[in-house]
Amino acid sequence: MDAGSLSSSSKTRYRCPLKEQLGQRKNSKENLDRFIPNRSAMDFDYAHYMLTEGRKGKENPAVNSPAKDAYRKKLDETFNMNRTRILAFKNKPPTIIEPIPQEISSNHQSKPVKPRRHIPQTSERTLDAPELVDDYYLNLLDWGSANVLAIALGNTVYLWDASDGSTSELVTIDDENGPVTSVSWAPDGQHIAVGLTSSEVQLWDSTANRQLRTLRGGHRARVGALDWNNHILTTGGADSQIINNDVRIRSHIVDTYNGHHQEVCGLKWSASGQQLASGGNDNLLHIWDRSIAATNSPLHRHEDHTAAVKALAWCPFQGNLLASGGGGGDRCIKFWNTHTGACLNSVDTGSQVCALLWNKNERELLSSHGFTQNQLTLWKYPSMVKMAELTGHTSRVLFMAQSPDGCTVASAAGDETLRFWNVFGAPEVAAKPAPKTNREPFSSINRIR
């Protein structure tokens, strides 16, 4: 079992970004006396000949026939005897040798060399997050497609608009049902699900600041994990159950998965919407196939982790690749082929893995950790070479969320701070305009049920 809730009394620490100091570059030049000849470049035999025998008869040249003069000239050219200089003050430039044909080398030069991306080592923004529950099994942070970030602090859900930096309060839950245990934006970026300690799940319209309905009767304990698959809201509870809820209909429970034996703390649907990954405090990782949901048996059951499995992330460039992270007793990131069920790789990170995020623009994976460094680590995939380690949090980094453009990552930790990192950089090409918002999942909902 992994360490769950811990009390935190750390104060927010603001750190100024470090200015990059560039060392002064000194160009050293050799001061060579240009009047000293370079002996290694001189032919002493020729020099001796020219200074002694070669000049004889030059003052009183003999009269020779034109044919003899032509022969002498040709002979001098052949044996390089027509040089006028005796002393050499520099080496001759070496002959340029082109081992690669020019047409081939020009093709290689036409491909621009991609510059190495600079990864800032400090957060670009830090916000205070008082009363953030320090509980590994919860999911209290999510960034919606409308560029609004939701965070649950105690009994209250706050919304932070990344476009203008404004903050608003969505809802404060009463003590009987609180605190909030999970938040998750719907794909439209307007509606949000809020999981509660009381086992209920509330659906809210963030634009109208209005509650639409409450999902009851499914779970018997707190709901700490949520994820959307179009109009299906999947919930995972401390009662070990996973429930698919169709939010368009009154009888919302359409499927129930019973495979875990302890609290479900991680849920992630694949991009295709066909496979669901679930992780629990029983150290199990399950892959569920939507087409065989009626059998109530997972497609794959993995027991490789030795601690709670909360961190789950589907690869954006390979649909059947899943990354999972284990808790403090495991400390590993594992990669799975969800079609075959094979474990492709396992990397010991050295500390509790709290969250995982893939870079949408590069083959990179970001992980957040607990004791001892409480860092964010950027890995190159598939080599899993560390590209950067981002520090600043003073307690375990429990939650991460990614901006809609994939460039910025928000992290929330037990030190009650929310930090923003420009870790993934800007995409190479301009993002395509977002499609029209699909409000189908809530089109028929106009009141609280």
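For clarity, every value in this text was computed on a predicted model and none was experimentally measured. (Residues numbered from 1 in each chain as written. Predicted model: local features only at pLDDT ≥ 70, side-chain atom pairs only at ≥ 80, totals over all residues. Heavy atoms only, no water.)

Things to note about the overall build of the protein chain
The helix and strand tally for the protein chain stands at three helices and 28 strands. Looking at the 449 residues of the protein chain, the share that counts as buried comes to 47%. Expressed as a percentage of contacts within the protein chain between residues at least 6 apart in sequence, the contacts between residues at least 24 apart total 51%. (Helix = DSSP H or I, 4+ residues; strand = E, 2+ residues; numbered from the N terminus. Buried < 20%, exposed > 50% of the residue type's maximum accessible area, 1.4 Å probe, protein only. Contact = heavy atoms within 4.5 Å.)

Digging into the sheet that holds strand 10 (residues 223–229)
One open sheet accounts for four strands, arranged 10-11-12-13; its pairing is antiparallel. Only two strands of the sheet have a single partner each, and these edge strands are strand 10 and strand 13 (253–258). The sheet shows a mean angle of 20 degrees between the axes of neighbouring strands, taken without regard to direction. Of the strand pairs in this sheet, strand 10 and strand 11 (residues 232–237) are connected by six bridges, and their pairing is antiparallel. Bridge assignment links Leu226 to a residue of strand 11, and that residue is Thr235. (Pairing = 2+ DSSP bridges. Axes fitted to C-alpha atoms, helices over the stretch in contact; angles between N-to-C directions.)

Quick notes on the pairing of strand 20 (residues 332–337)
Summarising burial for strand 20: six of the six residues are buried, a large majority. Residues of strand 20 alternate between two faces, with Cys332, Lys334 and Trp336 on one and Ile333, Phe335 and Asn337 on the opposite face, all of them buried. Sheet topology note: the strand 19 (residues 321–326)/strand 20 ladder contains five bridges and is antiparallel. Following the sheet pairing, Ala323 is matched in strand 20 by Phe335. Between strand 19 and strand 20, which pair antiparallel one after the other, the connecting turn spans five residues, and Arg331 there sits at a positive phi close to 65 degrees. The pairing of strand 20 with strand 21 (residues 342–348) spans six bridges and is antiparallel. Looking across to strand 21, one finds that Trp336 is bridged to Cys343.

A closer look at the sheet that holds strand 6 (residues 180–185)
The strands that make up a sheet are held in pairs by hydrogen bonds between backbone atoms, and each pair lies either parallel or antiparallel. Within the open sheet, the four strands sit side by side as 6-7-8-9. Their pairing is antiparallel. Of all the strands in the sheet, just strand 6 and strand 9 (210–215) have a single pairing partner and so form its edges. With strand direction ignored, the average angle separating the axes of adjacent strands in the sheet is 20 degrees.

Let's talk about the nonpolar core
Leu141, Leu149, Ile151, Val157, Val180 and Leu418 are the most contacted members of the largest nonpolar core, which totals 37 residues. For this core, the element with the most residues is strand 3 (residues 148–153), which contributes six residues. (Core = buried A, V, L, I, M, F, W, Y, C linked by side-chain atoms within 4.5 Å.)

Thoughts on unusual backbone geometry
Across residues other than glycine, the phi torsion is negative in most instances, and most of the peptide bonds are trans. Across the junction of Gly178 and Pro179, the peptide omega takes the value 0 degrees, indicating a cis bond. With respect to the helices and strands, the residue Pro179 is situated in the loop between strand 5 (167–172) and strand 6. Along the chain, Tyr381 connects to Pro382 via a cis peptide bond; the corresponding omega equals 10 degrees. Topologically, Pro382 is positioned in the loop between strand 24 (376–380) and strand 25 (385–390). Of note, the phi angle at Asn147 is positive, near 70 degrees, even though the residue is not glycine.

Points about the pattern of salt bridges
On inspection of all chains with the given rule, the structure shows nine salt bridges. The closest approach of N and O atoms between Arg216 and Glu200, which form a salt bridge, is 3.0 Å. Linking Arg216 in the loop between strand 9 and strand 10 with Glu200 in the loop between strand 7 (191–196) and strand 8 (201–205), this pair joins segments that are 16 residues apart in sequence. Under the relative-accessibility criterion, Glu200 is labelled buried at 16%. Its salt-bridge partner being Asp246, residue Arg248 comes within 3.0 Å of it at the nearest N-O pair. According to the relative accessible area criterion, Arg248 is partly exposed, its value standing at 28%. (Salt bridge = Lys/Arg side-chain N within 4 Å of Asp/Glu carboxyl O.)

Considering the side chain of Ser278
Of note, Ser278 is situated in strand 15 (residues 275–280). For Ser278, a relative accessible area of 0% puts it in the buried group. Side chain to side chain, Ser278 and Trp288 meet in a polar contact 2.9 Å long. Beyond its immediate sequence surroundings of up to four residues, Ser278 is in contact with Ile242, His260, Gly266, Leu267, Leu284, Leu285, His286, Trp288 and Leu312. (Polar contact = N/O pair within 3.5 Å; in protein donor to acceptor, adjacent residues only side chain to side chain.)

Let's talk about the confidence of the model for the protein chain
Per-residue confidence for the protein chain gives a mean pLDDT of 83, with 73% of residues at or over 70. Contacts of residues 7–34 to residues separated by more than four positions or lying in other chains number 19 contacts, the stretch itself having pLDDT below 50. Below a pLDDT of 50 lies the segment residues 429–440, which in the model reaches five contacts outside its immediate sequence neighbourhood of four places, other chains included. (pLDDT = per-residue confidence, 0-100.)

Let's talk about the environment of Gly319
The topology assignment puts Gly319 in the loop between strand 18 (309–314) and strand 19. Remark: the alpha-carbon pair of Gly319 and Asn337, spanning 18 residues in sequence, is separated by 9.2 Å.

Structural notes on the packing of aromatic side chains
Considering all chains together, one arrives at nine aromatic pairs under this definition. Ring geometry for Tyr136 and Tyr137: centres 5.6 Å apart, planes at 90 degrees, overall edge-to-face. In terms of burial, Tyr136 and Tyr137 fall into one category: buried. When the ring of Trp160 is compared with that of Phe420, the centres are 4.7 Å apart and the planes differ by 35 degrees; the resulting orientation is tilted. Residue Trp160 is found in strand 4 (residues 156–161), and its partner Phe420 is found in strand 28 (residues 417–421); the two are separated by 260 residues along the sequence. Per residue, the accessibility class of Trp160 equals that of Phe420, and both read buried. Counting every residue linked through ring pairs, the aromatic cluster contains Phe317, Phe335, Trp358 and Tyr381. The residue whose ring lies beneath Arg363 is Phe317, and the NZ or CZ to ring-centre distance is 4.2 Å. (Phe/Tyr/Trp six-rings, centres within 6.5 Å; stacked < 30°, edge-to-face > 60°. Lys NZ or Arg CZ within 6 Å of the ring centre and 35° of its normal.)

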